[in-house]
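Descriptive analysis of the structure
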Amino acid sequence: MALSERKPRVGEKAEPETAKVLQKRELLSLVGHRTGLRQNEIKTIVEATLAELGEAIAAGMTLALPPLGRARISRRTDGTGGEVITLRLRRRSS
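Rules behind the numbers
- Residues numbered from 1 in each chain as written.
- Predicted model: local features only at pLDDT ≥ 70, side-chain atom pairs only at ≥ 80, totals over all residues.
- Heavy atoms only, no water.
- Pairing = 2+ DSSP bridges.
- Helix = DSSP H or I, 4+ residues; strand = E, 2+ residues; numbered from the N terminus.
- Axes fitted to C-alpha atoms, helices over the stretch in contact; angles between N-to-C directions.
- Parallel < 35°, antiparallel > 145°, perpendicular 65-115°, else oblique.
- Left-handed = near helix turned anticlockwise from the far one by under 90°.
- Contact = heavy atoms within 4.5 Å.
- pLDDT = per-residue confidence, 0-100.

So, on to the pairing of strand 2 (residues 69–77). In the sheet, strand 1 (residues 63–65) pairs with strand 2 via three bridges, with the strands oriented antiparallel. Following the sheet pairing, Ala64 is matched in strand 2 by Arg70. The hairpin formed by strand 1 and strand 2 contains three residues between the paired strands. Counting the residues between successive antiparallel strands, the hairpin from strand 2 to strand 3 (residues 83–90) contains five residues, one of them, Gly81, with a positive phi of roughly 90°.

Between helix 1 (residues 24–35) and helix 2 (residues 39–58), the least distance of the axes is 10 Å, while the angle of their chain directions is 120°. It follows that helix 1 is oblique to helix 2 by the angle criterion. In this structure, helix 1 crosses over helix 2, and the sense of that crossing is right-handed. In this structure, helix 1 contributes Lys24, Leu27, Leu28, Ser29, Val31, Gly32 and Thr35 to the contact, and helix 2 contributes Gln39, Ile42, Lys43, Val46, Glu47 and Leu50.

The next point concerns the confidence of the model for the protein. Per-residue pLDDT for the protein averages 87, and the proportion of residues at 70 or more is 86%. Element-level pLDDT for the protein is lowest in strand 3, with a mean of 90, against a maximum mean of 96 in helix 1.

Structural data, given as structure tokens:
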């Protein structure tokens, strides 16, 4: 096990990992492979879904979306007057 792969000890903080990013075009491709639908059908459905999720998040709604999990939204303003929206996602253990 490499040093970066070891689990932190009690009281020790884990090293942050570099975030992997899922781009929209990759999401569309993955949904296409999973469903067998045509790309133009998938794009319409995924864009509508993302729009609805964006509106729900902006409204501060809690999202209960298995198997994704339960997402709670909290809002605050930062020092410059901008809005910070934090999404906390709780998932069941596998």
